[in-house]
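# Observations on chain architecture
This is what each chain is made of:
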Amino acid sequence: MPNRLARETSRYLLQHRDNPVDWHPWGEEALRRAREEDKPILLSIGYSACHWCHVMARESFCDPKVAAIMNAGFVCIKVDREERPDVDALYSHAAQAMNGRAGWPLNVFLTPDQVPFYAGTYFPPVPLGGLPSWRRVLAAVTEAWTERRDRIEAGRDEMVALLAGAADDEPADRLADEHDLDRAVRRLRESHDPVHGGFGGPPKFPPPSALELLLRRGAADDAVRTLRAMAAGGIHDQVGGGFCRYAVDAHWIVPHFEKMLYDNALLARAYLHGWLVTGEPDFRAVCCDTLDFALRELRGPAGTFSASLDAESEGVEGGFYVWTLADLRDALGERADDAAAWFGATQAGNVRGANVLVRAASDPPADRPEIRRTLREARERRPRPGRDEQALTSWNALMVAALAEAGATLGRDDYLRAATACAEALVDGHRTPGGRLTHTAADGPVTVLGYLDDHAFLVEALLVLYEATFDPRWFRAARELADTMIERFGDPEHGGFFDVADDHEPLLVRRKSLFDHPVPSGNSSAAYGLLRLGALTGDGGYDERARTVLRLAGERAIEHPTSFAHLLQALDFALAPVGEVALVGDDLDALAGVVRRRFRPHVVLAGGPADDVPLLRDRGPVGGRPTAYVCERFACLRPVTEPAELEQLLDYSRSG
């Protein structure tokens, strides 16, 4: 008989609706039951693309005997981390504090008033590799709750203070300066793997924000090494494009096969910027095949993008993606040997007797596009990984920004159309009847209002889309959303922004998240978006709000740059002499192309009719010709009408 999760819309929760566990979704019904029955809460958090979440479900949550133990001793709550990132962030922080690590599946035991007292990730059905069995964990927690409850509750206040994170932190007296920023970049480079790229040891996660920081701070060599290594590795789908979530080894060869929307959006922009800095054709190609993958395999009928593709198909992790030599021969015939040499495929394989394809040869076959097409067609006949159809506002905003910038830079109208359609769906469709932004599409009753990430990422994305299209509706939408973000999420006392709005469902604490890995934090994104908005409007209020974030997190960011790389990009922008480029006239393509054909992270661009864009006001064409004004803090150099003159002015402004 289905449990309470059968009434939910989350794909991950629905995957557990037939478990014999008496699962509740997160909400007042479950929390009230825990209080009334005075039972501890067993909170289990995961997401639909998570392989080990599925493994633990099959091994333990589908076992009636294990379920009986869980049901007898606990109020069991299942949470989709993508639907409820607020709950996930809170208790992931708790797990990190208790164990020095977190991950998914995340299993946390709480007191009836939601205070965590024990946490772990995957637990096997029998002791394995130093991990206790799930039954043993349940028995030990039950014993602790029964026999030593006073000790558990004695740690309540300390745990609550810990979980508040940066919420009560005081901002620094000063903003970090160029010297501090240079020190952060040196620390980042010191942690860089000089052989294989990336930062730290395995497992290796793509570091797009860190790569962007290196590119903009003149440390392109380290960024290029990582971009090349990831592009050549198995973490990059050599057949279908796009990137998996991480590699289990130091060489980027064997991935954890789930594909996330956010990784692919962020990496597409990193490769685009890598191409603009180096001119390396492969970086442009990787950017395009990543966006093409997203359009082909993640885009839905509404124009928005699904959250992820599963790591497994028919219960086999990576089964959709790996190849034996026999598979290659069946698909390619006489071309199989050339393909095997190119992709490094062998009889022994590199994972479970099969091959994750990599770029093993520096000289690919001449017919490599045809080989990739043939293999993709053959792969499409296999059972496909499941797709999480949730259209998350925050992650979709990242894809809007990637498509918009790539479309404008590369002259790809299809990318611009896709970015526009997605933005329209977010701005118009991800709303409550009262106009509030929602975390997911508002197809039915709205259960989750938008988080800080949703607002901040969308502000950044709409500004990128405005700069790519010069359509003022996107500028207006960004400014309106930024004002709402400041009103609903801002902390006027300590600075920065809370993760949830002022009228959000009360949790144990109201947190401020600052860490940027694997995606930018809502705070760093808010800071960067507000700084760019301030440069386009001349409104110092936006700039000052952004600087409260930088003062709040700046000292930690300098010491731990891998964890604050997007915030350090915002700091870099705040410290730079920002070039404000205003284009006016009828045909602006040639002038806009001058701005777009180089990586210019310290430039904002406005064009077209003035309307609501202050940077364009009181500036008209010279001699009836399209005209460019290069300004700094709204003080402009002489207007120019020739692209070559604009290039010279931008170089002059940059040398500053």
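Here we summarise the structure given alongside this text. This one's a predicted model, so the numbers in the text were calculated from it and none came from an experiment. (Residues numbered from 1 in each chain as written. Predicted model: local features only at pLDDT ≥ 70, side-chain atom pairs only at ≥ 80, totals over all residues. Heavy atoms only, no water.)

Enumeration over the complete set of coordinates arrives at 63 salt bridges. Arg269 is the partner of Glu405 in a salt bridge, and the nearest nitrogen-oxygen pair spans 2.8 Å. With Glu405 in helix 17 (residues 393-410) and Arg269 in helix 12 (residues 261-278), this pair connects stretches of sequence that are 136 residues apart. With a closest N to O distance of 2.4 Å, Glu377 and Arg373 form a salt bridge. Taken as a pair, Glu377 and Arg373 lie in helix 16 (residues 368-379) at a separation of four residues, close to a single helical turn. Residue Glu377 is classed as partly exposed on the basis of its relative accessible area, which comes to 40%. A single network of salt bridges, built from pairs that share partners, joins Arg4, Asp22, Glu29, Arg33, Glu37 and Lys39. (Salt bridge = Lys/Arg side-chain N within 4 Å of Asp/Glu carboxyl O. Helix = DSSP H or I, 4+ residues; strand = E, 2+ residues; numbered from the N terminus. Buried < 20%, exposed > 50% of the residue type's maximum accessible area, 1.4 Å probe, protein only.)

Scanning the model with the defined rule gives 21 aromatic pairs in all. Taken together, a centroid distance of 6.1 Å and an interplanar angle of 40° make the contact between Phe109 and Tyr118 tilted. Ring geometry for Tyr271 and Phe283: centres 5.7 Å apart, planes at 75°, overall edge-to-face. Of this pair, Tyr271 sits in helix 12 while Phe283 sits in helix 13 (residues 281-297), placing them twelve residues apart in sequence. Residue Tyr271 is classed as buried on the basis of its relative accessible area, which comes to 0%. You can call Phe283 buried: its relative accessible area is 0%. A network of ring pairs unites the aromatic residues Trp23, Phe61, Phe74, Phe109, Tyr118, Phe123 and Trp134 as a single cluster. Looking at Arg382, its charged tip hangs above the ring of Trp323, at a distance of 4.0 Å from the centre. (Phe/Tyr/Trp six-rings, centres within 6.5 Å; stacked < 30°, edge-to-face > 60°. Lys NZ or Arg CZ within 6 Å of the ring centre and 35° of its normal.)

So, on to the pairing of strand 4 (residues 106-110). Consecutive side chains along a regular strand alternate between the two faces of the sheet. Strand 4 sits mainly inside the fold: five of its five residues count as buried. Side chains Leu106, Val108 and Leu110 of strand 4 all project onto a buried face; the interleaved residues Asn107 and Phe109 project onto the opposite face, where all are buried too. Sheet analysis places strand 2 (residues 41-46) next to strand 4, joined by five bridges and oriented antiparallel. Within strand 4, the position partnered with Leu42 by the bridge is Phe109. Between strand 4 and strand 5 (residues 116-120), which follow one another and run antiparallel, lie five residues, and Gln114 among them has a positive phi close to 80°. (Pairing = 2+ DSSP bridges.)

On to the pairing of strand 15 (residues 627-632), then. Within strand 15, five of the six residues are buried, which leaves it mostly tucked inside the rest of the structure. Pairing of strand 13 (residues 579-584) with strand 15, which is carried by five bridges, proceeds in the antiparallel orientation. Considered in strand 15, the bridge of Glu580 is made with Cys631. Relative to strand 16 (residues 635-636), strand 15 runs antiparallel, the two being bridged by two bridges. Note on strand 16: the bridge partner recorded for Glu632 is Ala635. What sits between strand 15 and strand 16 in their antiparallel hairpin is a turn of two residues, with Arg633 showing a positive phi close to 55°.

Remember, this is a structural readout, not a statement about activity or role.
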